[in-house]
Amino acid sequence: MTTVPMTRNPLSRRLALGMAAALLAVPALFSGAQAAGMDEIKKRGLIVATEDDFRPFEFVKDGKATGFDNEMIDDLRKYASFQVNQQILPWTGILAGVSTGKYDAAITAVIITKERLASLDFTSPIADATHFYVKRKDDKSISSIKDLNGKTVGVQAGSALLARLPELGAMLEKEGGKLGKVVEYTSYPEAYQDLALGRVDYVVNTVVNLQTMVAEKPGVFELGQAVSGKSYPAWAVAKGNTELLSFLNGFIAKEKETGRFAELQKKWFGEAFPNLPAKWDPEF
């Protein structure tokens, strides 16, 4: 698999630094970290980290934090008997910050992977994150997965999506084809821009993100088919922080019970996901 990294914007959303990935992959490096228990959290408040630009989960519009997770945080403040303090920042460092105790939880769409489970625990999933491809709407050379044979794909560097591209490669091999050149980007807006300009032939991202992007620019892009097995995003806490994990899962269960969870899913994702697993053990 040939990869070509693109690093034009080092401050872009979800910048995937190799060092940060390495830290998350080696839990021993965090052996001295101590996650706060619920007694401490109740005294000084819950510290949650959210992203600054990851539509439709979290983003800032007209100076106000909005999106699915931000509305969930609004509800969390009503549910909790203590203060909830939010830190809005780029993706860089969020997971490492949770692992080391800087933040209590990452309330963002973190795709659950075996690598991340080494240093983090996850709530019940909040959406479907199965990987799909998107193409230019006027590109008639692509109508199904077999047509991706040898074509150039754009994907985010260091992401779970990049790690699972071999699944697409296996699909193509069954059709007598192969995965083409892989171009890695520091942010998906860059990848979409290059797709629109014809610099890559298709981009791989999660179904929710692509549906949102296609809905915003239906004349430019067209959603394709699934290129991976099942995948789910969830909120993350430090490994072993069972008290906080139980509290957050209790809140999510309450949102589901009242119908609020499905309401927010429909509002931000265009559909509800009623059959999400209570817990997800990934194979990758």
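Note that the structure is predicted; figures quoted are calculated from it, not measured.

1. Some remarks on the sheet that holds strand β5 (residues 64–66)
- Ordered in space as β3-β4-β5, the three strands form an open sheet in which the pairing is antiparallel. Every interior strand has two partners, whereas the edge strands, β3 (53–54) and β5, have only one.

2. Re helix α3 (residues 68–79)
- Between its first and last C-alpha atoms α3 spans 17 Å; for 12 residues at 1.5 Å apiece the expected length is 16 Å, and the two agree.
- When α3 is considered as a whole, its buried residues turn out to be Phe-68, Asp-69, Asn-70, Glu-71, Met-72, Ile-73, Asp-75 and Leu-76.

3. A few points about the nonpolar core
- If you look at the biggest cluster of nonpolar residues, it comprises 70 residues, and the most contacted ones within it are Phe-57, Phe-68, Leu-165, Leu-168 and Leu-244.
- The dominant element in this core, judged by the number of residues it contributes, is helix α9 (residues 242–258), at six residues.
- Every residue in contact with Phe-57, bar those within four places of it in the chain, is listed here: Thr-66, Gly-67, Phe-68, Asp-69, Asn-70, Ala-109, Ile-126, Ala-127, Val-208, Asn-209 and Phe-269.
- Leu-89, Tyr-103, Leu-120 and Phe-122 belong to the second-largest nonpolar core, a separate cluster that totals 14 residues.

4. Observations regarding the sheet that holds strand β8 (residues 120–122)
- The strand order across the open sheet formed by five strands is β6-β2-β7-β14-β8, and the pairing between neighbours is mixed. Since the sheet does not close on itself, it has two edges, and those belong to β6 (84–89) and β8, each with one partner. With direction set aside, neighbouring strand axes in the sheet form an average angle of 35 degrees.
- By the bridge criterion, three bridges tie β8 to strand β14 (residues 233–238) in an arrangement that is antiparallel. In the strand pairing of β14, Leu-120 is matched with Ala-238.
- Its contacts with the sheet place α3 against β2 (46–51), β6, β7 (105–111) and β14, and it is angled at close to 165 degrees to β6.

Cut-offs and rules
- Residues numbered from 1 in each chain as written.
- Predicted model: local features only at pLDDT ≥ 70, side-chain atom pairs only at ≥ 80, totals over all residues.
- Heavy atoms only, no water.
- Pairing = 2+ DSSP bridges.
- Helix = DSSP H or I, 4+ residues; strand = E, 2+ residues; numbered from the N terminus.
- Expected span 1.5 Å × (residues − 1).
- Buried < 20%, exposed > 50% of the residue type's maximum accessible area, 1.4 Å probe, protein only.
- Core = buried A, V, L, I, M, F, W, Y, C linked by side-chain atoms within 4.5 Å.
- Contact = heavy atoms within 4.5 Å.
- Axes fitted to C-alpha atoms, helices over the stretch in contact; angles between N-to-C directions.

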